[in-house]
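If you want the building blocks of each chain, they are given just below.
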Amino acid sequence: NAATTVVFTDPSLTGCTTVVTVTHITQLRTAVNLARASVGLPAFTFTDPTLSTATKIKAIHITELRTAVGGFTTAIGVTPAYTDPTIIANTTIVKGLHVQELRDLVR
């Protein structure tokens, strides 16, 4: 049981209501890297490490977060089940549920 304390600005995201923002992705990246560190893994290197308020949330953000959290979940013996198991650029709409599922894995 890896011990991390993560506080998110919006504690829960509501499907079809919450718009995923840069803050959600940035906080989740921090949480994922804390979880990775708790099991002795290095921080994950993201394709675009610095996001601004002008950044459009993309499929790659969710895909990379899933990859990053994968090392952590493997270390603790958890196999995640995701809504939309495959995220496809320019096809899959990034949803609050995608972020919430990742958050639930690192809390």
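Residues numbered from 1 in each chain as written. Predicted model: local features only at pLDDT ≥ 70, side-chain atom pairs only at ≥ 80, totals over all residues. Heavy atoms only, no water.

**Concerning the overall build of the protein**
Argument step 1. Broken down by element type, the protein carries three helices and zero strands.
Argument step 2. Counting helices and strands in the order they occur from the N terminus, the protein gives α-α-α.
Argument step 3. A compact globule built from 107 residues should have a C-alpha radius of gyration of about 13 Å, and the protein, at 13 Å, falls within 12% of that.
Argument step 4. On the principal axes, the C-alpha backbone points of the protein span a range of 35 × 25 × 25 Å.
Argument step 5. Considering only contacts in the protein between residues 6 or more positions apart, those separated by 24 or more positions represent 65%.
Argument step 6. Accessible surface for the protein amounts to roughly 6100 Å². Of this, 58% is attributable to carbon and sulfur atoms. (Helix = DSSP H or I, 4+ residues; strand = E, 2+ residues; numbered from the N terminus. Rg over C-alpha atoms; globule rule 2.2 N^0.38 Å. Contact = heavy atoms within 4.5 Å. Areas by Shrake-Rupley, 256 points an atom, 1.4 Å probe, with all protein chains shown as cover.)

**Here we look at the pattern of salt bridges**
Argument step 1. Applying the stated criterion across every chain yields a total of four salt bridges.
Argument step 2. The closest approach of N and O atoms between D48 and R29, which form a salt bridge, is 3.1 Å. Pair noted here: D48 is in the loop between α1 (22-38) and α2 (59-75) and R29 is in helix α1, with a separation of 19 residues, a long-range link. Across the pair, exposure class does not vary: D48 and R29 are buried alike.
Argument step 3. Two residues, D48 and K58, come together in a salt bridge whose shortest N-O distance is 3.9 Å. Within this pair, whereas D48 is found in the loop between α1 and α2, its partner K58 is found in the loop between α1 and α2, the two being separated by 10 residues in sequence.
Argument step 4. Accessibility expressed as a relative area gives 18% for D48, which makes it buried.
Argument step 5. Residues participating in the shared-partner salt-bridge network are R29, D48 and K58. (Salt bridge = Lys/Arg side-chain N within 4 Å of Asp/Glu carboxyl O. Buried < 20%, exposed > 50% of the residue type's maximum accessible area, 1.4 Å probe, protein only.)

**What to know about the packing of aromatic side chains**
To describe a pair of aromatic rings, you give the distance between the ring centres and the angle between the ring planes.
Argument step 1. The tally for this structure, following the rule as stated, stands at one aromatic pair.
Argument step 2. For the cation-ring pair, R29 lies above F46, with the distance from its terminal atom to the ring centre recorded as 4.4 Å. (Phe/Tyr/Trp six-rings, centres within 6.5 Å; stacked < 30°, edge-to-face > 60°. Lys NZ or Arg CZ within 6 Å of the ring centre and 35° of its normal.)

**Topic: α2**
Argument step 1. The end-to-end C-alpha distance of α2 is 25 Å, a good match for the 24 Å that 17 residues give at a rise of 1.5 Å each.
Argument step 2. Where α2 bends most, at V69, the angle is about 30°.
Argument step 3. Residues of α2 that are buried in the fold lie against α1 and α3 (96-106). (Expected span 1.5 Å × (residues − 1). Bend = angle between axes of the 7 residues up to and from the residue.)

**Thoughts on the layout of surface pockets**
Argument step 1. Taken as a whole, the largest pocket holds about 210 Å³ of empty space.
Argument step 2. Lining the largest pocket, in full, are K56, I57, K58, A59, I60, A89, N90, T91, T92, I93 and V94.
Argument step 3. Along the lines of polarity and charge, the residues of the lining of the largest pocket split into six nonpolar, three polar and two charged. (1 Å grid on protein atoms, 1.4 Å probe; cavity = no way out; pocket = protein on both sides within 12 Å on 5 of 7 lines; lining within 4 Å. Points joined across faces, edges and corners; volume = space filled by probe spheres on them. Nonpolar A, V, L, I, M, F, W, Y, C, P; charged D, E, K, R; others polar.)

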